[in-house]
Amino acid sequence: MFKGVLFDLDGVITDTAEYHYLAWRALAAELGIEIDRQFNQQLKGLSRADSLRLILQKGQQTELYQGEAFQELMQRKNENYLKMIQKITPADILPGIKELLFELQAANIKIALASASQNGPVILEKLGLADCFLGIADPKQVAAGKPAPDIYLLAAKEIGLNAQECLGIEDALAGIQAIQASGAVPVGVGQAQDLGADIDIVETTKDLNLAYLQEVWQKCEK
Ligand code: BG6
Ligand code: MG
């Protein structure tokens with residue numbers, strides 16, 4: 001049986017993935033670059049800097065890749081994003097997540113956060129979920145962002161486990177790839193066309209529960 005569950009945050013625990021999209025779209029528009037939901041699929045799960053690099057690449061403005069201008073653009077996006085998330089409350093926890101966290105706790109399964117977001121701790125506080133997380137991997141401490149495995153390896157370490165003893169839950173392709181590279185077992189939230197046909201996927205977080213995770217794990221043990 002798995003000993004830990006490593007959670008992505010944005011789009012898995014709460015719908016902040018939407019706010020990231022809106023904030024990036026607004027910043028891109030200021031630069032004369034148009035991004036849509038389809039393009040946003042590539043941004044999901046990526047670090048703030050990697051997201052901005054992709055947007056600038058799309059707008060052929062790679063001269064902004066470095067220096068103060070780059071830092072200022074990241075800061076501008078984050079300030080807008082922080083305004084958007086001010087009003088987050090426990091009512092914004094995605095369906096089924098709180099119940100799942102309680103089930104995991106009752107079964108003595110350790111819970112950690114493996115988010116690329118530097119705003120993770122603030123958001124967990126706003127959702128009233130900070131106490132559920134035994135470990136939070138700090139994205140500033142890892143050399144490479146998703147799809148590299150680093151943040152999942154660190155999250156497992158934070159709760160005293162190897163990634164191979166854990167499941168990881170993600171709504172983005174870069175995140176699923178990070179889980180797979182870490183040796184943890186992936187569970188996707190979303191659609192096979194976005195996340196890959198070779199992994200277990202639920203359409204919405206409502207379908208996540210301990211029994212389902214046990215089923216996924218047992219399949220991988222065989
Ligand atoms: C990830 C999101 O969780 O965090 C990305 O999926 C986001 O969209 C990334 O860019 C970094 O977040 P933040 O809050 O540090 O800018
Ligand atoms: Mg996500």
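Residues numbered from 1 in each chain as written. Chains lettered and ligands numbered in written order. Predicted model: local features only at pLDDT ≥ 70, side-chain atom pairs only at ≥ 80, totals over all residues. Heavy atoms only, no water.

Chemist: Teacher, can you tell me more about the domain arrangement of the protein here?
Modeler: Interface size, as often reported, equals the accessible area lost upon joining of the parts. By domain assignment, the protein separates into domain 1 (4–15 + 89–221) and domain 2 (17–87). Between domain 1 and domain 2, the C-alpha centre-to-centre distance is 24 Å. Both faces combined, the contact of domain 1 with domain 2 buries some 1300 Å², and carbon together with sulfur accounts for 47% of it. Considering only the surface of domain 1 that becomes buried against domain 2, D15, N119 and K126 emerge as the three largest contributors, covering 34% of it. At the boundary of domain 1 with domain 2, the tally comes to zero salt bridges. Put simply, domain 1 and domain 2 have six residue pairs in polar contact (both at pLDDT 80 or more) between them. A class-by-class count of the residues in the side of domain 1 that touches domain 2 yields four nonpolar, five polar and seven charged. (Domains from an automatic or database assignment. Buried area = accessible area lost by both parts, 1.4 Å probe. Salt bridge = Lys/Arg side-chain N within 4 Å of Asp/Glu carboxyl O. Polar contact = N/O pair within 3.5 Å; in protein donor to acceptor, adjacent residues only side chain to side chain. Nonpolar A, V, L, I, M, F, W, Y, C, P; charged D, E, K, R; others polar.)

Chemist: How do you make sense of the site of ligand 1 when you look at a structure like this?
Modeler: Close to ligand 1 lie 14 residues, the nearest being D10, R48, S117, Q118 and N119. Take R48: an N or O atom from its side chain is 2.7 Å from an oxygen atom of ligand 1. Expressed as a share of its isolated accessible area of 390 Å², the protein-covered part of ligand 1 is 97%. Residue assignment for the shell around ligand 1 shows that the elements contributing at least two residues are α1 (16–30) and α3 (48–58). Looking at the shell around ligand 1, its residues break down into three nonpolar, seven polar and four charged. Here the shell around ligand 1 spans two domains, since at least three of its residues come from each of domain 1 (4–15 + 89–221) and domain 2 (17–87). (Near = heavy atom within 4 Å. Areas by Shrake-Rupley, 256 points an atom, 1.4 Å probe, with all protein chains shown as cover. Helix = DSSP H or I, 4+ residues; strand = E, 2+ residues; numbered from the N terminus.)

Chemist: Looking at this structure, how should I read unusual backbone geometry?
Modeler: The residue after K146, namely P147, is reached through a cis peptide bond having omega 15°. Despite not being glycine, N108 has its phi angle at roughly 60°, a positive value. Mapping N108 onto the fold places it in the loop between α5 (97–106) and β2 (110–113). The exposure class of N108 is exposed, given its relative accessible area of 69%. (Buried < 20%, exposed > 50% of the residue type's maximum accessible area, 1.4 Å probe, protein only.)

Chemist: Can you walk me through the side chain of T16 in this structure?
Modeler: Within the secondary structure layout, T16 lies in helix α1. The buried category is assigned to T16, whose relative accessible area is 1%. A distance of 2.5 Å separates the side chain of T16 from the side chain of D10, its partner in a polar contact. Once residues within four sequence positions are removed from consideration, T16 is found in contact with D10, G11, Y81, I85, I88 and I123. (Contact = heavy atoms within 4.5 Å.)

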